[in-house]
Each structure stands twice: as structure tokens, then as C-alpha cells.
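Letter by letter, the chains look like this.
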Amino acid sequence: MAADSFYKKLVIVSLLGLAFVPVVITSNTFVSLIIAKVAFIRLMIAVSWVALAVSWFVDKDTARSDLRFLKSPLFISVSIFTALAGISTVLSVNPYRSFFGTIVRGEGYIHLVYMLAFLTAVSLVFERKRWLQFFKLSLLAGAMVSADAIWSYIETGGRAEGVFLRNPTFISAYLLFVIFSALVVLVYENRRSWRGFSYAVLSLSLV
């Protein structure tokens, strides 16, 4: 396999891997669940950017990436928001805390920087085919989360916490995205297997 081909694939695999963030766990404690997910997000984004940077040096086609997304209203608005958040971070009462956030939530300005890095990376390498793959992978993760939440409710008769997110509010908010993913796959995928799976995940998520 050629070096440039390897690095391009590494960028794509790293970004697609983010579809599985909700099912990344290290233990059954609330804080550790969040830490594991935050660490996974930042690791995958960092790997994608390192691979992307290397590919720019070894692959002329990658170096001539389509930069039209820089003029996109969405990208411009997110960039302005991130810049303004950076100013408020510097002027905050505790800039260090504002920048790094808390270990419990994994937030802070640094996370906004990672999100902008993610948006830039996917804008550079993702086309409709890759986005469809991302939504399909999100269906796989969503199936695990929704089935786990339903089983948790059956077992306890109370809060549908499950082992992946351990918070009904997190689960319901995430499953809204899974429902959206299922609808996208139903619109753009013609194969019966994926359409059938989309309907199944859609049903689980609604339940």
C-alpha cells in the first residue's frame, strides 16, 4: 500500500471512528464514562490531523484540497463563534479553568477547538459517500445504546440508564441524532439490508 493511500485512509478511519463515541467506556462510573469519551474524541481528531498533515507532504492531490468550504456560512459562523469564545476565555475570571474545563465534564474552550478541528477535517475529506458511512456507523452505535437502555428499563423498572451513557437525558438527546441518521440512510441507501436495519434502529430509538 502506498504511503499516501495509507495516510488518507487513516484520516478517514479516524473520523469515522467518532461515530462510536457513545459506546466507549472504561468503567461503570459516571465520571470515567465521560473521561473515556472525551479522551477518545480528542485522540481520534488528533490522529486524523497528524495523518492529514503527513498526507499533505507525501500526496500532491491531498495538498490541493478543495477549500471552498471556507466560504460556507456554516463554517464561517462556527469559526466566528469559536473566536469569540476564545476572547471570553482570555477575559474570564479564571482563564485556566475556562480553557481546560473540568475533569467531570471534559468541556472548556479546548473542546471547542477540537470541534472546529473536526469540522475542518471532515470538510476536507468527507463527501456524500463518507457521510453516509458515518451515519451507518452511527446506526450501529445507536442500536447498542437504545437496546441497552430498553434492557436497563426492563431490569430496573426505573431510569433507563444502561451502561454506555448512564443518564436518560444523555440517551434521549443522543437517540434524536440516531433517529436523524436512520432517516438519512433511508433516503440515500437503496439496499434492503440497510433500509431494514434503519427501520429497526429507528423503532428501538423511538421506544
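What comes next concerns the included structure. (Residues numbered from 1 in each chain as written. Predicted model: local features only at pLDDT ≥ 70, side-chain atom pairs only at ≥ 80, totals over all residues. Heavy atoms only, no water.)

### Side note on the side chain of serine 146
Within the secondary structure, serine 146 is located in helix H7 (residues 128-156). From its side chain, serine 146 meets the backbone oxygen of glycine 142 in a polar contact 2.8 Å long. Within the structure, serine 146 has its side chain in polar contact with the backbone oxygen of alanine 143 (distance 3.2 Å). Those residues in contact with serine 146, other than ones at most four positions away along the chain, are Leu175, Leu204 and Ser205. (Helix = DSSP H or I, 4+ residues; strand = E, 2+ residues; numbered from the N terminus. Polar contact = N/O pair within 3.5 Å; in protein donor to acceptor, adjacent residues only side chain to side chain. Contact = heavy atoms within 4.5 Å.)

### Some words on the pattern of salt bridges
One pass over the structure, following the stated rule, counts four salt bridges. A salt bridge links glutamate 161 to arginine 166, with the shortest nitrogen-to-oxygen separation between them at 4.0 Å. The class of glutamate 161 is partly exposed, set by a relative accessible area of 24%. Each of Lys136, Glu189 and Arg191 takes part in one network of salt bridges that share partners. (Salt bridge = Lys/Arg side-chain N within 4 Å of Asp/Glu carboxyl O. Buried < 20%, exposed > 50% of the residue type's maximum accessible area, 1.4 Å probe, protein only.)

### A look at the nonpolar core
Counting 43 residues, the largest nonpolar core has Leu15, Leu18, Phe134, Val145 and Tyr174 as its most contacted members. Those elements that provide at least two residues to this core are helix H1 (3-16), helix H2 (30-58), helix H6 (109-125), H7, helix H8 (168-188) and helix H9 (192-206). Aside from chain neighbours lying at most four places away, what touches phenylalanine 134 is Leu15, Leu16, Leu18, Ala19, Phe126 and Phe177. (Core = buried A, V, L, I, M, F, W, Y, C linked by side-chain atoms within 4.5 Å.)

### Points about H6
Look at H6: 25 Å from first C-alpha to last across 17 residues, which is about the 24 Å you get at 1.5 Å a residue. For H6, the full list of buried residues reads Tyr109, Ile110, His111, Leu116, Ala117, Phe118, Leu119, Thr120, Ala121, Val122 and Leu124. (Expected span 1.5 Å × (residues − 1).)

### Quick notes on the packing of H7 against H9
At their nearest, the axes of H7 and H9 sit 9 Å apart, and the two run at 35° to each other. Judged by the sense of rotation from one axis to the other, the crossing of H7 with H9 is left-handed. Contact residues: Lys136, Leu139, Leu140, Gly142, Ala143, Ser146 and Ile150 in H7; Trp194, Phe197, Ser198, Val201, Leu204 and Ser205 in H9. Counted by class, the contact of H7 with H9 contains eight nonpolar, four polar and one charged residues. (Axes fitted to C-alpha atoms, helices over the stretch in contact; angles between N-to-C directions. Left-handed = near helix turned anticlockwise from the far one by under 90°. Nonpolar A, V, L, I, M, F, W, Y, C, P; charged D, E, K, R; others polar.)

### Section: the side chain of serine 48
Position of serine 48 among the secondary structure elements: in helix H2. If we skip the residues at most four places from it in the chain, serine 48 touches Val11, Ser14 and Leu15.

### A closer look at the environment of serine 92
Structurally, serine 92 is set in the loop between helix H4 (73-90) and helix H5 (95-100). Residues serine 92 and leucine 112, 20 residues apart in the sequence, show an inter-C-alpha distance of 16 Å. Within the structure, serine 92 has its side chain in polar contact with the side chain of serine 98 (distance 2.9 Å).

### A closer look at the packing of H4 against H6
Look at H4 against H6: their axes get within 10 Å of each other, and the N-to-C directions meet at 160°. As summarised for this structure, H4 and H6 are arranged roughly antiparallel, according to the angle between their axes. Here H4 runs over H6; the crossing is left-handed. Together, Phe75, Val78, Ser79, Phe81, Thr82, Ala83, Ala85, Gly86 and Thr89 of H4 and Tyr109, Leu112, Leu116, Leu119 and Thr120 of H6 make up the contact between the two elements. Among the residues making up the contact of H4 with H6, the classes are represented as nine nonpolar, five polar and no charged. (Parallel < 35°, antiparallel > 145°, perpendicular 65-115°, else oblique.)

### Quick notes on the packing of aromatic side chains
If you walk through the whole model with that rule in mind, you get 13 aromatic pairs. Summarising the aromatic geometry, the rings of tryptophan 131 and phenylalanine 134 are spaced 5.9 Å apart at their centres and angled 80° between planes, so their arrangement reads as edge-to-face. With tryptophan 131 and phenylalanine 134 both in helix H7, this residue pair falls three residues apart, about one helical turn. Judged by centre distance (5.8 Å) and plane angle (80°), the rings of tryptophan 194 and phenylalanine 197 are edge-to-face. Note that tryptophan 194 and phenylalanine 197 are positioned in helix H9 at a spacing of three residues, about one turn of the helix. Ring-pair connections join several aromatic residues into one group, and the members of that group are Phe126, Trp131, Phe134, Phe135, Phe177 and Phe180. (Phe/Tyr/Trp six-rings, centres within 6.5 Å; stacked < 30°, edge-to-face > 60°.)

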